[in-house]
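Working through the structure, step by step
Next come the chains, spelled out residue by residue.
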Amino acid sequence: SKMNRKIPAQKKIGSPKIEDVGTEDATEHATSLNEQREEPEIDKKVLREILEDEIIDSLQGVDRQAAKQIFAEIVVHGDEVHWDDIAGLESAKYSLKEAVVYPFLRPDLFRGLREPVRGMLLFGPPGTGKTMLARAVATESHSTFFSISASSLTSKYLGESEKLVRALFAIAKKLSPSIIFVDEIDSIMGSRNNENENESSRRIKNEFLVQWSSLSSAAAGSNKSNTNNSDTNGDEDDTRVLVLAATNLPWSIDEAARRRFVRRQYIPLPEDQTRHVQFKKLLSHQKHTLTESDFDELVKITEGYSGSDITSLAKDAAMGPLRDLGDKLLETEREMIRPIGLVDFKNSLEYIKPSVSQDGLVKYEKWASQFGSSG
Ligand code: ADP
């Protein structure tokens, strides 16, 4: 059944345009993407719509409207994150390379015992780079990136959500290699004994689990590899669809779902070196007086701060010189405003506390040692 011409979809569809899904840091990337942009946006859009229609036509048993919605809201185009954009997290990067990136790029090497995992969970405190890692994995493995959250699958019409989930998996197979990234997986795969669980989220969860296991069993049970030419683009290639999920609340994930995440990677708070790099980046365009040893001290006193805490701290510290001025701020020349100093950070430390408590951290570490994958 290779009658349909295979469309190398992910390459053509992936125009450097930022869609509206999960792109909080879209602005950061916008400038670099603009530089790469050469072809007129409109042609790409039209081309993409034609390709999407073609793909939708080729899918069987998939609701057309649902498929369109998946393309519109869930397939993420462009918006690339690379390994180098992410400070630190070396062991997580290595783990993701081995579990996902290499198998996706060299499927011939990862068969049998080396068969790639079908699910991987990134867990840890909020603001530590889990979403960035998922995006980098998609970029580095040249995969189609599907970014979903509970709200993107919830529909007010009964039964529509299941159709969306089915369409999601069908398209992911069609456009494989694919990464289905589920942010805050706990809100979709929460424990069954959760009182608040309503009918619609229960349906989403069940359909998701059904689709996900059909993926694994189809690939694990079949030995069709000889009918599959290794240099085809892997049309409907079950073996290269991965569910990658992130959560700040790993302990509230349903047990059935948890077991399907064969790899569970702990994404801890940033190490010294990582915080150092981040402070340097944040201050690189500011007038400041921090010396190397000030940076070292800053790193020391921000132990326990997450990536996003560090951003908040730096923002607050940057206000220090303005606060000193009070109302005089209004008539002070810009050049006369004093540079940011270590003292500003120290003042801000009084107010900007780490968002993860010591107790919270212990909870993550306990969960990591009980359920996490080592390495
Ligand atoms: P999470 O998904 O773990 O909650 P994100 O990946 O969304 O966290 O990170 C939130 C923000 O914090 C990012 O947009 C980025 O600016 C910053 N950040 C967090 N961790 C890192 C890191 N390791 N390197 C660079 N920036 C980071």
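Keep in mind the model is a prediction, meaning the values are calculated, not measured. (Residues numbered from 1 in each chain as written. Predicted model: local features only at pLDDT ≥ 70, side-chain atom pairs only at ≥ 80, totals over all residues.)

**A closer look at the overall build of the protein**
If you tally the helices and strands in the protein, you get 15 helices and six strands. Within the protein, contacts between residues separated by at least 24 positions form 83% of all contacts whose residues are at least 6 apart in sequence. (Helix = DSSP H or I, 4+ residues; strand = E, 2+ residues; numbered from the N terminus. Contact = placed C-beta atoms within 7 Å.)

**With respect to the environment of Thr332**
Along the chain, Thr332 falls in the loop between α13 (307–325) and α14 (342–349). Contacts of Thr332, omitting those with residues within four sequence positions, involve Leu325 and Ile337.

**Topic: the pairing of strand β4 (residues 178–182)**
Consecutive side chains along a regular strand alternate between the two faces of the sheet. Among the five residues that make up β4, five are buried, leaving the element largely enclosed by the rest of the structure. Both strand β3 (residues 144–148) and β4 contribute to a ladder of five bridges, which runs parallel. Pairing of Phe145 across the sheet is with Ile179, part of β4. Two elements, β4 and strand β5 (residues 241–247), share five bridges in a ladder whose sense is parallel. Looking at β5, one finds that Ser178 is bridged to Val241. (Buried ≥ 20, exposed ≤ 12 C-beta atoms within 10 Å, placed from the backbone. Pairing = 2+ DSSP bridges.)

**Here we look at the site of the ligand**
The immediate surroundings of the ligand are formed by 18 residues, with Ala87, Gly129, Lys130, Thr131 and Gly307 found nearest. The set of elements that each furnish at least two residues to the shell around the ligand consists of α6 (130–140), α11 (272–283) and α13. Classifying every residue of the shell around the ligand by side-chain character gives seven nonpolar, nine polar and two charged. (Near = placed C-beta within 6 Å. Nonpolar A, V, L, I, M, F, W, Y, C, P; charged D, E, K, R; others polar.)

**Focus on the packing of α11 against α13**
At their nearest, the axes of α11 and α13 sit 10 Å apart, and the two run at 35° to each other. Seen along the crossing, α11 lies across α13 with a hand that is right-handed. For the pair α11 and α13, the contacting residues are Arg275, Gln278, Phe279, Leu282 and Leu283 in the first and Gly307, Ile310, Thr311 and Ala314 in the second. (Axes fitted to C-alpha atoms, helices over the stretch in contact; angles between N-to-C directions. Left-handed = near helix turned anticlockwise from the far one by under 90°.)

**Points about the packing of helix α5 (residues 90–105) against α6**
Running from amino to carboxyl end, α5 crosses α6 at an angle of 45°, the nearest separation of the two axes being 11 Å. Overall, the two elements α5 and α6 adopt an arrangement that is oblique. Read as a crossing pair, α5 and α6 show a hand that is right-handed. Contacts between α5 and α6 involve Ala92, Leu96, Val100 and Val101 from the first element and Leu133, Val137 and Glu140 from the second. The residue makeup of the contact of α5 with α6, split by class, is six nonpolar, no polar and one charged. (Parallel < 35°, antiparallel > 145°, perpendicular 65-115°, else oblique.)

**Quick word on α6**
With nine of 11 residues buried, α6 is to be regarded as a mostly interior element. If you check which residues of α6 are buried, you get Lys130, Leu133, Ala134, Arg135, Ala136, Val137, Ala138, Thr139 and Glu140. On its buried face, α6 is in contact with α5, β2 (119–123), β3, β4 and β5. Remark: His142 follows α6 within two positions and exhibits a positive phi of approximately 50°.

**Observations concerning the pairing of β5**
For β5, a buried count of seven out of seven residues is recorded, marking the element as mostly surrounded by other parts of the structure. Side chains Val241, Val243, Ala245 and Thr247 of β5 all project onto a buried face; the interleaved residues Leu242, Leu244 and Ala246 project onto the opposite face, where all are buried too. In this sheet, β5 lies alongside β2 in parallel orientation, the contact comprising five bridges. Looking at β5, one finds that Met120 is bridged to Leu244.

**Structural notes on the confidence of the model for the protein**
In this model, the protein carries a mean pLDDT of 80, and residues with pLDDT of at least 70 account for 78%. Low pLDDT (under 50) marks residues 1–35, which in the prediction has 53 contacts with non-local residues, meaning those over four places away or in another chain. Taken together, the stretch residues 217–235 has pLDDT below 50 and engages in 12 contacts with residues farther than four places along the chain or on a different chain. Scored as a complex, the prediction yields pTM 0.77 and ipTM 0.98. (pLDDT = per-residue confidence, 0-100.)

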